[in-house]
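Observations on chain architecture
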Amino acid sequence: MPSIETKPVEDTISKVNDELAVGSDLQFQHKWWRFTHALWIFFGCVIVADLLGCFGRGPLANATAQTNDRTIQVKYERIERYAAPSILRIDFGPTAIHEGKIQFWVGESVIKALGAQRFIPQPEKSVVGQDGISYTFPCPDSPRR
Amino acid sequence: MHTVLYATFGYFFLLLIVRALSRRPGAQMTPFEFVIIFLIGGVIILATMGQDHSVTNSTCAVITVGFMHRMVSYLKTRYRRFGAFVDGTPLVLLKNGRWQHEVMERMRLNDMDVMAAARTKAVKQLSQIKYAILERNGGISIIKKQQ
């Protein structure tokens with residue numbers, strides 16, 4: 001039968017009042033309390049930053065770009081979250097409408113980088129070209145998005 | 001690949017949060033602590049698994065967490081300082097019949113918590129206690145005064 005290695009018991013655990021072995025380390029604990037205090041302040045800052053939109057989905061993350069004649073206005077998120085979907089909203093002015101339709105071309109660089117999972121409203125027609133996709137949307141008289 | 005990284009991050013992040021929440025969630029679990037544990041666990045699972053809910057992905061996540069746990073357990077026994085970081089150290093709450101106010105306040109404990117532990121040792125009142133120790137697992141050990 002294999003033997004198990006043994007060693008004598010030593011009083012290695014610090015005592016309270018020289019009688020009760022507790023192993024308390026108040027010096028470490030004070031450092032830990034200071035650390036957790038700083039940690040919760042940091043977490044508080046993270047929450048405030050999140051509410052402001054520093055990590056996307058908030059007032060600071062929302063941005064708008066438009067052409068000079070306001071034919072196209074794009075509302076997008078300045079800060080995106082990795083592996084999370086986001087919404088790109090495009091408003092077309094009346095000058096973008098031709099024969100009751102809007103034709104909208106999206107370059108390959110955009111499609112590849114961002115993908116295009118869902119369009120609202122659905123395009124009437126989409127044509128895949130060499131370096132992008134052309135979408136055609138039916139359009140009544142009023143401006144559409 | 002992502003699942004392993006997310007599970008590793010999730011494990012250490014959860015460890016940090018639970019440690020920073022003070023020690024009560026370990027042993028004296030009230031409904032108040034249950035809410036915290038389940039809610040945080042649920043949120044971490046969502047981020048770890050992402051869109052991939054396959055058996056392969058969840059198996060990899062579970063194995064990763066298992067490995068992390070094994071590694072932390074080994075480091076805890078090998079390095080006492082690391083053990084103190086992960087589990088904390090025991091803290092004296094009541095010494096020679098006197099409350100250790102700073103410890104009680106910082107650990108967010110009150111006399112009711114100590115008395116609850118004392119009752120399990122057939123101690124009828126607080127004045128019968130010589131020492132009360134908050135253990136690393138969140139339990140409170142009671143040492144009675146000699147009669």
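Here the residue numbers are simple positions, counted from 1 along each chain's written sequence. Ligands are numbered from 1 and chains lettered from A, in the order in which they are written. Totals for whole chains, interfaces and linings use all residues, but because this is a predicted model, local features are given only for residues with pLDDT of at least 70 and pairs of side-chain atoms are given and counted only at 80 or more. As a rule here, side-chain values come from all non-hydrogen atoms in the structure, and water together with hydrogens is ignored.

**Side note on the environment of Asp11 of chain A**
Residues and elements named next belong to chain A. Put simply, the rule is: Here a helix means four or more residues in a row that DSSP labels H or I, a strand means two or more in a row labelled E, and each is numbered from the N terminus. Note on exposure labels: buried denotes an accessible area under 20% of the residue type's maximum, exposed denotes more than 50%, and partly exposed covers the range between, all computed with a 1.4 Å probe on protein chains only. Two N or O atoms count as a polar contact when they lie within 3.5 Å, although within protein this holds only if one can serve as hydrogen donor and the other as acceptor, and sequence-adjacent residues are included solely when both atoms are side-chain atoms.
Here Asp11 is to be found in the segment before strand S1 (15–16). Judged by relative accessible area, Asp11 falls into the exposed class, the value being 64%. Sequence spacing of Asp11 and Asn68 is 57 residues, and the spatial spacing of their C-alpha atoms is 81 Å. A polar contact of 3.2 Å, which involves the side chain of Asp11, links it to the side chain of Lys15.

**Let's talk about the pattern of salt bridges**
Residue and element names in this part refer to chain A. Heads up, the rule is: For this document, the term salt bridge refers to a Lys or Arg side-chain nitrogen within 4 Å of an Asp or Glu carboxyl oxygen.
One pass over the full model with this rule turns up nine salt bridges over all chains. Among the ionic pairs, Lys15 bridges to Asp11, the shortest N-O distance being 3.2 Å. Classification of Lys15 by relative accessible area gives partly exposed; the value is 42%. For the salt bridge of Glu77 with Arg57, the shortest nitrogen-to-oxygen distance reads 3.6 Å. Here the residue Glu77 occupies a position in strand S4 (residues 72–77), and Arg57 occupies one in the loop between helix H1 (26–52) and strand S3 (62–66), the gap between them amounting to 20 residues.

**A closer look at the packing of aromatic side chains**
The condition that has to hold: Stacked, edge-to-face and tilted are the three classes for Phe, Tyr and Trp ring pairs, Trp counted by its six-membered ring, which pair at centre distances within 6.5 Å; planes under 30 degrees apart are stacked, over 60 edge-to-face, the rest tilted. Note on criteria: charge over ring means Lys NZ or Arg CZ within 6 Å of the ring centre, with the direction from the centre no more than 35 degrees off the ring normal.
Scanning the model with the defined rule gives nine aromatic pairs over all chains in all. Between the aromatic rings of Phe92 of chain A and Phe104 of chain A, the centroid separation amounts to 5.6 Å while the plane-to-plane angle is 75 degrees, which identifies the pairing as edge-to-face. Remark: Phe104 of chain A occurs in strand S6 (residues 101–107) and Phe92 of chain A occurs in strand S5 (residues 89–92); sequence separation between them is 12 residues. Pair check on accessibility: Phe92 of chain A and Phe104 of chain A agree, each one buried. Where Tyr11 of chain B meets Phe12 of chain B, the ring centres are 5.3 Å apart and the plane angle is 90 degrees; that geometry is what we call edge-to-face. Positioned above the aromatic ring of Trp32 of chain A is the side chain of Arg19 of chain B, whose terminal nitrogen or guanidinium carbon lies 4.0 Å from the ring centre. Its guanidinium or amino end placed over the ring of Tyr79 of chain B, Arg78 of chain B lies 5.4 Å from that ring's centre, counting from NZ or CZ.

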